[in-house]
Amino acid sequence: LVLERDRREADDRQAVERRRQQAERAAGDRVEHRRAAADQLVTRGGNRRAAEVLSEFSVHAATDVTGFGLAGHALGMARGVTLVLDWPALPIYSGAFELAKEGVTCAGSRQNRAAYRDRIEFAVPPMASWEEILFDPQTSGGLLCAVRDSDAGPAVAALQRAGIPAVRVGVVVAERPRPLELWTK
């Protein structure tokens, strides 16, 4: 399993580098946004250390957000419950909004949107760039974890002490009509 994970991480880094090179060739004056986003994907990828830190806590579910995008992976975790995510709390890579606003997308994003959009409750209609990021399959394996409420603060603090960017992005509640809700405070 670890060797498979290492292979996937290496493949992810290579794919990010290919996307960066393609973006540089196509972008002209907007290369800086593409480069910033690709660099962050490479440096933030890899979850082995995060898994080690989280092993000290009661993790009920976890997924590395990849091909199904945040929406697909969150929905996969929402079995018999509803995940309520806080839009402003979501950590978004620098340059990602700019890319989404420019229409940089892929077929996988459109497929994810078609598959998951009707299973999500939005507090307010999302901007197109937010929606693009929600369904984007080109993320690099950041972890989405469900921990006991009393462990959330200490788990985030432990990850941050270990130098791993971590934030609390929502809560798990009793099952509602739609398994994923996106709200603003």
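Everything quoted here is computed from the prediction, not taken from an experiment.

Reading the values: rules and limits
- Residues numbered from 1 in each chain as written.
- Predicted model: local features only at pLDDT ≥ 70, side-chain atom pairs only at ≥ 80, totals over all residues.
- Heavy atoms only, no water.
- Helix = DSSP H or I, 4+ residues; strand = E, 2+ residues; numbered from the N terminus.
- Buried < 20%, exposed > 50% of the residue type's maximum accessible area, 1.4 Å probe, protein only.
- Contact = heavy atoms within 4.5 Å.
- Areas by Shrake-Rupley, 256 points an atom, 1.4 Å probe, with all protein chains shown as cover.
- Core = buried A, V, L, I, M, F, W, Y, C linked by side-chain atoms within 4.5 Å.
- Salt bridge = Lys/Arg side-chain N within 4 Å of Asp/Glu carboxyl O.
- pLDDT = per-residue confidence, 0-100.
- Axes fitted to C-alpha atoms, helices over the stretch in contact; angles between N-to-C directions.
- Parallel < 35°, antiparallel > 145°, perpendicular 65-115°, else oblique.
- Nonpolar A, V, L, I, M, F, W, Y, C, P; charged D, E, K, R; others polar.
- Expected span 1.5 Å × (residues − 1).

Chemist: Help me understand the overall build of the protein in this model?
Modeler: Scanning the protein for helices and strands turns up eight helices and six strands. Of the regular secondary structure in the protein, the N- to C-terminal order runs α-α-α-β-α-β-α-α-β-α-β-α-β-β. Out of the 185 residues belonging to the protein, those deemed buried represent 40%. Partitioning the intrachain contacts of the protein with sequence separation of at least 6 by distance along the chain shows that 83% fall at a separation of at least 24. Within the structure as shown, the protein displays about 10400 Å² of accessible surface, and the carbon and sulfur contribution to it stands at 53%.

Chemist: I would appreciate a short explanation of the nonpolar core in the present structure.
Modeler: Considering soluble globular proteins, one finds that nonpolar side chains tend to be buried as a cluster. Counting residues in each nonpolar core, the largest one holds 22 residues, and the members touching the most others are Ile120 and Leu134. Among the secondary structure elements, those contributing two or more residues to this core are α4 (69-77), β2 (81-86), β3 (120-122), α7 (128-135), β4 (142-147) and β6 (180-183). When residues in this core are grouped by element, the largest group, five residues, is from α4. Dropping the residues within four chain positions of it, isoleucine 120 is found in contact with Ala71, Leu134, Phe135, Arg178, Leu180 and Leu182.

Chemist: Explain the side chain of glutamate 132 here, please?
Modeler: Tracing the chain through its elements places glutamate 132 in helix α7. Among residues more than four places away in sequence, those in contact with glutamate 132 are Ala100, Val104, Thr105, Ser109 and Arg113.

Chemist: Hey, could you run me through the pattern of salt bridges in this one?
Modeler: Charged atoms that come close allow side chains of opposite charge to pair. Counted by the stated rule, this structure contains eight salt bridges. With its nearest N and O atoms 3.4 Å apart, the salt bridge here joins arginine 148 to aspartate 151. Judged by relative accessible area, aspartate 151 falls into the buried class, the value being 13%. Taken together, the salt bridges that share partners define one network made up of Arg113, Arg117, Glu131 and Glu132.

Chemist: How do you make sense of the confidence of the model for the protein when you look at a structure like this?
Modeler: Do not read the predicted coordinates in detail wherever pLDDT is low. Of all residues in the protein, 75% attain a pLDDT of 70 or more, and the chain-wide mean is 81. Mean pLDDT across the elements of the protein bottoms out in helix α2 (residues 31-44) (44) and peaks in β3 (95).

Chemist: For this particular structure, what's the right way to read the environment of phenylalanine 135?
Modeler: Its location among the elements puts phenylalanine 135 in helix α7. Take phenylalanine 135: its relative accessible area is 0%, and that puts it in the buried class. Here the alpha-carbon distance between phenylalanine 135 and threonine 105, two residues 30 residues apart in the chain, equals 10.0 Å.

Chemist: Please clarify how the side chain of serine 109 should be interpreted in this entry.
Modeler: Along the chain, serine 109 turns up in helix α6 (residues 107-116). Ignoring anything within four residues of it in the chain, the contact list for serine 109 reads Glu132, Phe135, Asp136 and Pro137.

Chemist: Help me understand the packing of α6 against α7 in this model?
Modeler: To characterise two packed helices, one gives the angle between the axes of the helices and the distance between these axes. Running from amino to carboxyl end, α6 crosses α7 at an angle of 90°, the nearest separation of the two axes being 8 Å. Classified by the angle between their axes, α6 and α7 sit roughly perpendicular to one another. Residues Gly108, Ser109, Asn112, Arg113 and Tyr116 of α6 form the contact with α7, whose own contacting residues are Glu131, Glu132 and Phe135. Class assignment for the residues of the contact of α6 with α7 results in two nonpolar, three polar and three charged.

Chemist: In this structure, what is going on with the environment of threonine 82? I would like to understand it.
Modeler: With respect to the helices and strands, the residue threonine 82 is situated in strand β2. Since its relative accessible area comes to 0%, threonine 82 is described here as buried. Sequence spacing of threonine 82 and proline 177 is 95 residues, and the spatial spacing of their C-alpha atoms is 8.4 Å.

Chemist: Explain helix α8 (residues 149-161) to me, please; I cannot follow it from the model alone.
Modeler: Because an α-helix completes one turn every 3.6 residues, residues spaced three or four positions apart along the sequence face the same direction. Between its terminal C-alpha atoms α8 stretches 19 Å, which fits the 18 Å expected from 13 residues at 1.5 Å a residue. If you follow the buried residues of α8, they end up packed against α3 (48-54) and β4. The first or second residue beyond α8 is glycine 163, which carries a positive phi of 80°.

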